[in-house]
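Single-letter residue listing:
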Amino acid sequence: MTFDLSIITANAGAIWNAFLVTIYTWLAGSVLGLMAGLLIAALMLFGGRPLQLLLRVFIELVRGTPFLVILFLVYYGGPSFGLRLGAMTAGVLCIAFYSSVYFAEIFRSGFAAVPRGQLEAGECLGLGRLQLLWRVQLPQMLVLILPAIVNMLTILCKETAVLSIITVPELTAVLTGIGTRTFTFIETLLVLCIAYLLLIEITSRAGRWLEHRVGIYLQR
Amino acid sequence: MSLSLSPTNAISAVPAENSKIAPIIHLAAVGKRFGKNQVLANIDLDVHHSEVVCLIGPSGSGKSTLLRCMAFLEEYDDGEIHIEGRLLGWEIDDRGHRKHAGRNRLNEARRNLGIVFQQFNLWPHMTALGNVTEALVRVRRLPRQEAEKKAMKALDKVGLSEKAKEYPARLSGGQQQRVAIARALAMEPKIMLFDEPTSALDPELVGEVLAVMKQLAQEGMTMVVVTHEMGFAAQVADSVVFLDQGSVVTRGTPNEVFRDTQHPRLRQFLQNYLDRNAFWNTTPELEN
């Protein structure tokens, strides 16, 4: 067996671009997913019964569908509904769509974890619902759910690999492409693993640092 | 205090000229159900300006629920509660049906209420000062500097100005409860409602909270206190209300309730209390 890293250095530019595409689809999709998730959770909290039920069904439906299937439905099935998206856009939107329901569940558990009494105290002082949401619930729940959010982010990072199926030029697509063209599977897959490991290690370290920072009020 | 259930029998601890003035809190025939369970029935209760009323009774007697109704944290189903003459929480429409009063009207009626909870309910992500300042800035719309000055004054009053920058997690239970009292006081309420303010505290820490409450009472604050601290009730209250199974069993001055009572249920309740707190070999007996 040969081990030749020159193939990597020769394609460094393409690999770097793919690395950026992975980061872009991952972060853009996650940010959109987080926003949508927060919206869903807030609607479930403050909306009426019918809306709650509808969102519940939506959440279960999306959770019960593999990411790959969602991707196929949107990218290949979309055009028959008049939905024509570029591969990159479709990828970002699918990650957002897929993750929104998980984020919604995380946010919901966060809302539930802030004791009701704290809201009653605020209510009696004349604080409004939105003020309580913004000043009492959100700051505390963000601390509580941070580990779960970071965990979800690492999962989504690896999930971007699936976007290679719809021709998004991200890390997995580009590196396996190089590998099959030049028969350097070990080298390319090794680089691929290291790249994902790097992203996830950075994410979880940043998460732990942030957890410590924002949770300072919990220390005795 | 005078309860208007049977006016001839009403015992008032308030000077006569005071009771002619409209009560600051007025409850008439208040009832409350949780599902089929009637937790409060036909409660009449007047609290006058500067009066200290202690609600006592066994757990499940409805005393906490009654207090929470007075802040409309629980919706009462029957009767009326007036705070300074304003109907609390409900509105009567043209056809005589009642419906929820809007947020603004509810807040208007609550404006002069301060409430202190058993579990303190401080916001843990804000410092002691932050907790006290929050509503001054967001509700009273004071500029931050002015709000903080006012908050510091309130913290000073409960003896905690040195702990202003600490987060609640770094304070003892007693200190946390005093911050909670300061948070309510900073809004300059005319009435303070206390829901078992010392029940969640280590026995050693109860005193410091009661001392603050005593001082408030001496300064003429109108107070309604749900408590298991019979000593506090005996020393500070103008009147004591004994509740059992959602009804007022008896009411009167501490002397009348703690010494001369003829109500068997109340005697049993007090005897239990004395037995539980008995020391050495002597079990104090109630006077006959």
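For every chain, the first residue of the written sequence is number 1, and numbering continues from 1 along that sequence. As they are written, the chains are lettered A onward and the ligands numbered 1 onward, keeping that order. With pLDDT at 70 or above as the cut-off, local features in this predicted model cover only qualifying residues; side-chain atom pairs require 80 or more to be listed or tallied, and sums for whole chains, interfaces and linings still use all residues. With hydrogens and water set aside, each side-chain value is computed from the structure's full complement of heavy atoms.

### Concerning the confidence of the model for chain B
The following threshold applies: Each residue carries a pLDDT score, the predictor's own confidence in it, on a scale running from 0 to 100. What makes two residues a contact is simply this: any of their non-hydrogen atoms within 4.5 Å.
Taken over all residues, the pLDDT of chain B has a mean of 88, while the share at 70 or more is 90%. Scored below 50 in pLDDT, residues 1-17 of chain B shows 38 contacts in the model against residues more than four places distant or in partner chains.

### Thoughts on the sheet that holds strand S3 (residues 52-56) of chain B
All names here are of chain B. Spelled out, the test is: Two strands pair if DSSP finds at least two bridges between them. Numbering of helices and strands runs from the N terminus; a helix is a DSSP stretch of H or I covering at least four residues, while a strand is a stretch of E covering at least two. Here, axes are lines fitted to C-alpha atoms. For helices the fit covers the stretch in contact, and angles between N-to-C directions go from 0 to 180 degrees.
Taken together, the 6 strands give an open sheet; going across it, the order is S8-S9-S10-S3-S11-S12, and neighbouring strands pair in mixed fashion. On the outer flanks of this sheet lie strand S8 (113-116) and strand S12 (247-252), each paired with one strand and no other. Strand-to-strand twist across the sheet, computed as the mean angle between neighbouring axes with direction ignored, equals 15 degrees. Bridge count for strand S9 (residues 191-195) against strand S10 (residues 222-226) is 5 bridges, and the pairing is parallel. Counterpart to Phe194 in the pairing with S10 is Val225. Its contacts with the sheet place helix H6 (residues 173-185) against S8 and S9, and it is angled at close to 170 degrees to S8.

### Considering the side chain of Gln175 of chain B
As for its placement among the helices and strands, Gln175 of chain B is situated in helix H6. Contact partners of Gln175 of chain B, with chain neighbours within four places excluded, come to Leu160, Lys163 and Glu208 of chain B.

### Some points on the UniProt feature "transmembrane region" (unreviewed entry) in chain A
The cut-off we apply is this: UniProt positions are given in the numbering used here, feature names are shortened, and annotations may be inferred rather than shown by experiment.
Within the UniProt annotation, "transmembrane region" (unreviewed entry) is assigned to residues 23-46, 53-75, 81-104, 141-166 and 178-199 of chain A. Counting secondary structure, residues 53-75 of chain A comes out at 87% helix and 0% strand; the distance between its end C-alpha atoms is 28 Å.

### Notes on the side chain of Gln137 of chain A
With respect to the helices and strands, Gln137 of chain A occurs in helix H7 (residues 129-159). Setting aside chain neighbours within four positions, we find Gln137 of chain A in contact with Leu45, Phe111, Val114, Leu119 and Leu132 of chain A.

### Observations regarding the pattern of salt bridges
Residue and element names in this part refer to chain B. For clarity, the threshold we go by: The rule for a salt bridge is simple: a side-chain nitrogen of Lys or Arg has to be within 4 Å of a carboxyl oxygen of Asp or Glu.
Counted according to the given criterion, the structure contains 24 salt bridges over all chains. For Glu134, the salt bridge identified is with Arg138, shortest N-O distance 3.3 Å. Of this pair, Glu134 and Arg138 both sit in helix H4 (residues 128-138), 4 residues apart, roughly one helical turn. Put simply, Arg144 and Glu148 hold a salt bridge, and the shortest N to O gap is 3.8 Å. One end of the pair is Arg144 and the other is Glu148, both in helix H5 (residues 144-157) and 4 residues apart, which spans about a single turn.

### Focus on the packing of helix H2 (residues 12-46) of chain A against helix H8 (residues 171-182) of chain A
Residues and elements named next belong to chain A. Spelled out, the test is: We call two directions roughly parallel when the angle between them is under 35 degrees, roughly antiparallel when it is over 145, roughly perpendicular when it lies between 65 and 115, and oblique otherwise. Three classes are used: nonpolar for Ala, Val, Leu, Ile, Met, Phe, Trp, Tyr, Cys and Pro, charged for Asp, Glu, Lys and Arg, and polar for all others, with Gly counted as polar.
The N-to-C vectors of H2 and H8 enclose an angle of 155 degrees; their axes lie 8 Å apart at closest approach. The pairing of H2 with H8 is recorded here as roughly antiparallel in orientation. Contacts between H2 and H8 involve Ala14, Ile15, Ala18, Phe19 and Thr22 from the first element and Leu171, Val174, Leu175 and Ile178 from the second. Per-class residue counts for the contact of H2 with H8 are 8 nonpolar, 1 polar and no charged.

### Regarding empty space enclosed by the protein
The test is simple: Here a cavity is any set of points on a 1 Å grid over the protein atoms alone where a 1.4 Å probe fits but cannot get out, and a pocket is any open set with protein on both sides within 12 Å along at least 5 of 7 lines; a residue lines the site when it has an atom within 4 Å of a point. Grid points are joined across faces, edges and corners, and a volume is the space filled by probe spheres set on the points.
Counted by the stated rule, this structure contains 1 cavity of 30 Å³ or more. For the largest cavity, the calculated volume is near 80 Å³. Taken together, Ala121, Cys124 and Leu125 of chain A together with Leu113, Gly114, Ile115, Val116, Phe117, Phe120, Ala180, Arg183 and Ala184 of chain B make up the lining of the largest cavity. Broken down by secondary-structure element, the contributors of at least two residues to the lining of the largest cavity are helix H6 (116-124) of chain A together with S8 and H6 of chain B. At 4 residues, the largest contribution of residues to the lining of the largest cavity is made by S8 of chain B. Taken together, the residues of the lining of the largest cavity break down into 10 nonpolar, 1 polar and 1 charged.

### Brief notes about the nonpolar core
Note the threshold: Side-chain atoms within 4.5 Å link the members of a nonpolar core, which is a set of buried Ala, Val, Leu, Ile, Met, Phe, Trp, Tyr and Cys residues. Three labels apply to residues, based on accessible area from a 1.4 Å probe with only protein chains included: buried if under 20% of the type maximum, exposed if over 50%, partly exposed otherwise in between.
Counting residues in hydrophobic clusters, the biggest one holds 63 residues, and the most contacted among them are Ile56, Ile181, Met192, Phe194, Met213 and Met223 of chain B. The leading source of residues in this core is helix H7 (residues 203-218) of chain B, at 8 residues. What Ile56 of chain B contacts, discounting residues up to four positions off in sequence, is Lys63, Thr227, Met230, Val240, Val241, Phe242, Leu243, Val257, Phe258, Leu266 and Phe269 of chain B. Core analysis: the second largest hydrophobic core is formed by 52 residues, Phe19, Ile59, Leu71 and Val114 of chain A among them.

### Notes on the interface of chain A and chain B
Going by this rule: Summed over both partners, the accessible area (1.4 Å probe) lost when two parts come together is defined as the buried area.
Facing 20 residues of chain A, the contacting portion of chain B comprises 26 residues. Summing both sides of the interface, chain A and chain B together bury roughly 2,100 Å²; the carbon and sulfur share of this comes to 61%. Interface area lost by chain A to chain B is led by Cys124, Leu125 and Arg135 of chain A, which between them contribute 31%. Here chain A is connected to chain B by 3 salt bridges. Note that Arg68 of chain B and Glu120 of chain A form a salt bridge whose closest N and O atoms lie 2.7 Å from each other. Of all the elements in the fold, those that place two or more residues in the side of chain A that touches chain B are H6 and H7 of chain A. Ranked by the residues each element gives to the side of chain A that touches chain B, the list is headed by H6 of chain A, at 7 residues.

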